[in-house]
Amino acid sequence: MRLRSGVFAAGCLLVQALGVGLFLRGFFPLPVRSLPRREPRGVPPAEPPPPGPGVTSNWTKIPSPLFKKVVIVLIDALRDDFVFGSKGKQFMPYTTQLVEKGTCCSFIAEAKPPTVTMPRIKALMTGSIPGFIDVIMNLNSPTLLEDNLIWQAKTAGKRIIFYGDDTWVKLFPKHFVEYDGTTSFFVSDYTEVDDNVTRHLDSVLKREDWDILILHYLGLDHIGHLTGPNSPLVGPKLYEMDNILKKIHTSLLSKEGESSLPNLLIVCGDHGMSETGSHGGSSEEEVHTPLLFISSAFEKRSGPLKQPELVQQTDLAATLAIGLGLPISRNSVGNIILSVIEGKTMREQLRFLHLNGFQLSRLLQENMPTYEKDPGFEHFKIAEKSHGNWIKLYLEGNNSEVLLNLGKKVLKQYLEALKILSSSLSKQVAQYDIYSMTVGTVIVLEVLLLLLLSMPKALSSRAEFEVPLSPPLFSLLFYLMCLMLCAVHVIVCTSAENLCYFCSISWLMAVGVMMLISALTCVILSAFGKMLENPKLPAKNPAVSNSSWSELDVLILAGTVGHAVSLGASSFIEEEHQTWYFLINTLCLALCQEICRHYFLVKECDLHLSTAVKQNFDDIEETTQCRNVDIPSCDSKLGKVTSSGQLLKGSEKWMGLASPWIILICCRLLRSLNQTGVQWAHRPDFGHWLTSSEHKAVLSLLAAISLVMIFILVQRRCSLVSKIAMALGLLGVYSYRAAIGNVVFPWQQDSKDISKGIIEARFVYVFVLGIIFTGTKDLLKSQVISADCKTKSIGLWEVYSGLVLLAALIFRPHNLPVLVFCLLIQMIMTRCIWKPLKFDAAQITIMHYWFGQAFFYFQGNSNSIASVDISAGFVGLNNYVEIPAIFLTGFATYAGPLLWAIHLLCYLSSEVSRNSAAIGHGCFCYALICSVPVTVYIILVTGLRYHLFIWSVFSPKLLYEGMHVFITAAVCMFFTAMDQNQSQKIHD
């Protein structure tokens, strides 16, 4: 079967995307759970039996509730320093007074990554650690079926009212007697989303027909996404929350009678907020949230203020269950917070801790075969035995010092056992689907091997080759492998204790995957056999016999391999941007050497050699009429020598020499714009300086200059209509940013008239779609009506211009210089490096890939989910619309790699000196260089799946790599579509 390089590469990437998706599904499993909540729970455990005959305890029931009414105020993205720091003292005076001198138990609750809302709500209400895949399910929260506090409260007959984030309504449908949900994804709104919650307060606080009131405020989180934690909007929002807490606390105190139980107000955050205003990662600002228990049941604080104690976010579920007199959720790995119950008698405290320990030990038994050898289980049994001795003394009426000291000892033993049990369960909370991971890894690895074995023929002058499909598919080996893999599948799926995802799919699909793996194996073996039969590989181009590697080729190979290997270290993943910055800086220095050699280091013998070889090549061209030979690949060395012998203009020469240094300066400026990574992300950068309210005028000037520069750099290859549309679109971009208050017009006196900018953004969308439609029309004309390279080139550049305009719209204003430098570097490299030095398509493709990866980090992205700017998904939208929001967020995140990939296609198509094979070469190299790191990383992360930083560092990077594969597959499909008419030239 004869295929072109581009078609073959696109097909390989589609298959690899299938393998990556299967691996991700196996790597991010659902957490291990206890029995379904609908099964009967049985009788709660009694107190530990006292030693000796005839002595028994009659306390077998769940203890009585500690509080009558409970109000939970969850303030989204509430960082611990917003309450305990300077902002808390300035903007939350009432809350600060309660923390310092009031009846309040204050803690810092540590959340586990991923720090996004839906998994955090699960952790708060179930006490379990949600699976990492919940970061994706966060966009469409399914019903929570596992045992949880809300379900236990409803089952116990408690009436629950909820107002706020509609994620709760999706997780707990039909659990609330009254609710009003607001969407959490429209981040441009930070006022109405909270007013919709507060408007219910006055009426509901006067009523007595509820037991639990839950309020989830979103405004602070939305402010963080829009402007960051240092925004002037944060202070007023915290003050608003403080007044709400004062109102609730005052109302709860007024309703307490002398004989009734006290009420409880809980103030907490689901996650924190990074220095950029986002969340999802594992930095201290994102995982540390305040947790306040405010009730008259607690004694007033006296003495010096102490640093709040650090607890786990999962501890809330167990503590609140005891406070409400409910069973602790089956899957909870949290511990009761002792400070909340230390006002009770010693017998009650030990009873509470015993219930917690019994629940944790039972969960451990269900998830660990060797639970009896676990240190936590052993400690619990020792504490339980000591507890029995204490009960014996208590029932005998012993009130001596011995009883008190023994009680304190048992208390300490329980706390130690609970801590170890919780730690053991946190490590066992999820099991990997090894079978699905193995199948996905095999597919990904086979695709990479196939690409590597096909590289010599795929990069040949014709850019097409024969794929040996028929012999392998009709061979005995293929059928034997299919039978063997199907047998393995049956054995694994019938004997697996835990359900595998690959076993849950239909048998037809499973057999299809087995046949795919068998076919890939047979094709690889066939290709490898042919390579052994003919070990002398053909040169890249028959016109040039010298195929020795240049220094640039060695650098490209070493950089690609070195980057892939570096992914095995967590520090290199956290600071991956440093790797790409180093690689492009080294590349610029290598290009500087090539330019110096091109313009100055020319010998007379090289001129004579070039004349002779050039004459020889002209003879070959005349006799064979091979007009489709890849000129850059065969003429790369000839062009470098012959053009050096010509008398060039001085300006062109010196511009060429200066170009690598100009690019280096641009890259250095971009590095200072956005601090990213982990180690130095907290350090101030130019972007933070620009986004502060004091420098809005400077940001406005910089944004205006950037938009003008974008127009100058983009419009040069567009039609007149597209130029006008681009100019109006860029004006609309500035108007949109002015409407939402990011920048100002010179005639604006203040920024009080701030809107959502819906009209302005949609105005820009009209021009984006118009420019892309014009380019698409030219592409269809060149592909269907007439094979006109010029028309196709213009169409591609207009599509590229439309994407640039879209990027300008959704980029934050301080990031517009990133877009300017991207266009500027592309223009410099095109005019001063790629054309004069006549690099081949493979080298140019890898340079585009490297710069695309560097610009991914220049935007401020990192390998943490917290750096994803979800506000870009709501530009021009009135409310949350799933598909446009996902597309815009994805495009904003991967704008750098995408713009460089489309520029590569535009450049290769516009160069008339190149033959039709160049696009195929570019597509194949782009697929190959993307396939290498994802394959290596999948193998590495499989081996490191029990690493300490697997969830905080390696897993987010795996999601980024998986998404990159899917985007690259789409890019290669576009390459293939643009390569259609070129294939006709090859066959003509």
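Source: prediction; values computed, not measured.

Scoring rules and cut-offs
- Residues numbered from 1 in each chain as written.
- Predicted model: local features only at pLDDT ≥ 70, side-chain atom pairs only at ≥ 80, totals over all residues.
- Heavy atoms only, no water.
- Helix = DSSP H or I, 4+ residues; strand = E, 2+ residues; numbered from the N terminus.
- Areas by Shrake-Rupley, 256 points an atom, 1.4 Å probe, with all protein chains shown as cover.
- Core = buried A, V, L, I, M, F, W, Y, C linked by side-chain atoms within 4.5 Å.
- Buried < 20%, exposed > 50% of the residue type's maximum accessible area, 1.4 Å probe, protein only.
- Contact = heavy atoms within 4.5 Å.
- Axes fitted to C-alpha atoms, helices over the stretch in contact; angles between N-to-C directions.
- Parallel < 35°, antiparallel > 145°, perpendicular 65-115°, else oblique.
- Left-handed = near helix turned anticlockwise from the far one by under 90°.
- Nonpolar A, V, L, I, M, F, W, Y, C, P; charged D, E, K, R; others polar.
- Pairing = 2+ DSSP bridges.
- Salt bridge = Lys/Arg side-chain N within 4 Å of Asp/Glu carboxyl O.
- Disulfide = S-S within 2.5 Å.
- pLDDT = per-residue confidence, 0-100.
- Phe/Tyr/Trp six-rings, centres within 6.5 Å; stacked < 30°, edge-to-face > 60°.
- Lys NZ or Arg CZ within 6 Å of the ring centre and 35° of its normal.

1. Some words on the overall build of the protein
Here comes step 1: Helix and strand content of the protein: 41 helices and 10 strands.
Here comes step 2: Carbon and sulfur atoms provide 62% of the accessible area of the protein, an area that totals close to 41,500 Å².

2. A short note on the nonpolar core
Here comes step 1: Formed by 165 residues in total, the largest nonpolar core has its most connected members in Ile710, Ile810, Trp850 and Phe851.
Here comes step 2: Setting aside residues no more than four positions away along its own chain, Ile810 makes contact with Arg737, Tyr765, Ala872, Val875, Leu888, Phe891 and Ala892.
Here comes step 3: Core analysis: the next-biggest nonpolar cluster, separate from the first, contains 70 residues, Leu124, Leu355, Met368 and Leu393 among them.

3. Concerning the packing of helix H39 (residues 917–943) against helix H40 (residues 950–978)
Here comes step 1: Where H39 contacts H40, the two axes come as close as 10 Å, and the packing angle between them is 160°. Viewed along their axes, H39 and H40 adopt a mutual orientation that is roughly antiparallel. Considering the relative orientation of H39 and H40, their crossing is left-handed.
Here comes step 2: The residue inventory of the contact of H39 with H40, partitioned by class, reads 19 nonpolar, four polar and two charged.

4. What to know about the sheet that holds strand S3 (residues 104–110)
Here comes step 1: A sheet is described by the order of its strands in space; here eight strands give the open sequence S5-S4-S6-S2-S7-S8-S3-S9, paired in mixed fashion. Only two strands of the sheet have a single neighbouring strand rather than two, namely strand S5 (178–182) and strand S9 (309–312). Here the average twist between neighbouring strands, direction ignored, is 15°.
Here comes step 2: Relative to strand S7 (residues 264–268), strand S2 (residues 70–75) is paired through five bridges, and the arrangement is parallel. Pairing of Ile72 across the sheet is with Ile266, part of S7.
Here comes step 3: Each of S2, strand S6 (212–217), S7 and strand S8 (288–294) is contacted by helix H12 (residues 234–254), which is oriented at about 165° to S7, the strand it contacts most.

5. Quick look at the pattern of salt bridges
Here comes step 1: A full pass over the atoms with the stated rule returns 17 salt bridges.
Here comes step 2: Among the salt bridges present, the one from Arg597 reaches Glu594, with a minimum N-O distance of 3.4 Å. Highlighted residues: Arg597 and Glu594, both in helix H26 (residues 576–599), separated by three residues, approximately one helical turn.
Here comes step 3: A relative accessible area of 7% places Glu594 in the buried class.
Here comes step 4: Taken together, the shared-partner salt bridges in this structure form one network comprising Lys69, Glu208 and Lys255.

6. Section: the state of the cysteines
Here comes step 1: A complete count under the given rule lists one disulfide for this structure.
Here comes step 2: Of all cysteine sulfurs, the one in Cys104 lies closest to Cys105, which takes part in no disulfide; the gap is 6.6 Å.
Here comes step 3: Here Cys923 is not disulfide-linked; the sulfur of Cys972 is the nearest cysteine sulfur, at 3.9 Å.

7. Points about the packing of helix H24 (residues 551–566) against H26
Here comes step 1: Here H24 crosses H26 at 175°, and the two axes come no closer than 10 Å. Considered as vectors, H24 and H26 are oriented roughly antiparallel to each other. Contact residues: Glu551, Leu552, Leu555, Gly559 and His563 in H24; Glu576, Thr579, Trp580, Leu583, Thr586, Leu587, Ala590, Leu591, Gln593, Glu594 and Arg597 in H26.
Here comes step 2: Across the contact of H24 with H26, the residue classes tally to seven nonpolar, five polar and four charged.

8. So, unusual backbone geometry
Here comes step 1: Notably, Lys174 is not glycine yet its phi reads approximately 65°, a positive angle.
Here comes step 2: Residue placement: Lys174 occurs in the loop between helix H8 (167–171) and S5.
Here comes step 3: With relative accessibility at 78%, the residue Lys174 sits in the exposed group.
Here comes step 4: Phi at Lys838 takes a positive value of approximately 50°, unusual for a residue other than glycine.
Here comes step 5: Structurally, Lys838 is set in the loop between helix H35 (816–837) and helix H36 (841–858).

9. Focus on the environment of Phe27
Here comes step 1: Following the sequence through the fold, Phe27 ends up in helix H1 (residues 5–27).
Here comes step 2: Residues Phe27 and Ser436 lie 409 residues apart in sequence; the distance between their C-alpha atoms is 8.1 Å.
Here comes step 3: What Phe27 contacts, discounting residues up to four positions off in sequence, is Tyr432, Met437, Val941, Arg945, Ile950, Trp951, Ser955 and Leu958.

10. Some thoughts on the environment of Gly85
Here comes step 1: Examined against the element boundaries, Gly85 turns out to sit in the loop between helix H2 (81–84) and helix H3 (86–91).
Here comes step 2: Its relative accessible area of 17% is what places Gly85 among the buried residues.
Here comes step 3: Separated by 11 residues in the primary sequence, Gly85 and Thr96 place their C-alpha atoms 9.5 Å from one another.

11. Remarks on the confidence of the model for the protein
Here comes step 1: Put simply, the protein has an average pLDDT of 84, and 85% of its residues get 70 or more.
Here comes step 2: Of the regions scoring below 50 in pLDDT, residues 537–547 engages in 18 contacts with residues more than four places distant in sequence or in other chains.
Here comes step 3: Note that pLDDT drops below 50 for residues 982–988; the model gives that stretch 12 contacts with residues more than four away or on any other chain.

12. Describing the environment of Val410
Here comes step 1: If you trace the backbone, Val410 turns up in helix H18 (residues 401–427).
Here comes step 2: With relative accessibility at 0%, the residue Val410 sits in the buried group.
Here comes step 3: Separated by 27 residues in sequence, Val410 and Ala383 place their C-alpha atoms 5.8 Å apart.
Here comes step 4: Not counting the four nearest positions on each side in its chain, Val410 is found in contact with Leu350, Ala383, Ser386, His387 and Trp390.

13. Considerations on the pairing of S8
Here comes step 1: Burial analysis of S8 places seven of its seven residues in the buried class, which makes it a mostly covered element.
Here comes step 2: Every second residue of S8 is oriented toward a common face, with His288, Pro290, Leu292 and Ile294 on one face and Thr289, Leu291 and Phe293 on the other, all of them buried.
Here comes step 3: Of the strand pairs in this sheet, S7 and S8 are connected by four bridges, and their pairing is antiparallel. Paired with Val267 across the two strands is Leu292, which belongs to S8.

14. What about the packing of aromatic side chains?
The description of an aromatic ring pair rests on the distance of the ring centres and on the angle between the ring planes.
Here comes step 1: Using the criterion set out here, one finds 31 aromatic pairs in the structure.
Here comes step 2: When the centroid spacing of 5.4 Å and the interplanar angle of 25° are considered together, the rings of Phe162 and Phe176 count as stacked. One end of the pair, Phe162, is in strand S4 (residues 160–165); the other, Phe176, is in the loop between H8 and S5, with 14 residues separating them in the sequence. The burial state of Phe162 is the same as that of Phe176; both residues are buried.
Here comes step 3: Seen in terms of ring centroids, Trp168 and Phe172 are 5.9 Å apart; in terms of plane orientation they differ by 45°. Their pairing is tilted.
Here comes step 4: Overall, Trp168 belongs to the buried group, its relative accessible area being 0%.
Here comes step 5: Following the ring pairs from residue to residue traces out a cluster consisting of Tyr581, Phe851, Phe855, Phe858 and Trp900.
Here comes step 6: Here Lys69 stacks its cationic end above the ring of Trp210, 4.3 Å away from the centre of that ring.
Here comes step 7: Here Arg716 stacks its cationic end above the ring of Trp797, 5.9 Å away from the centre of that ring.

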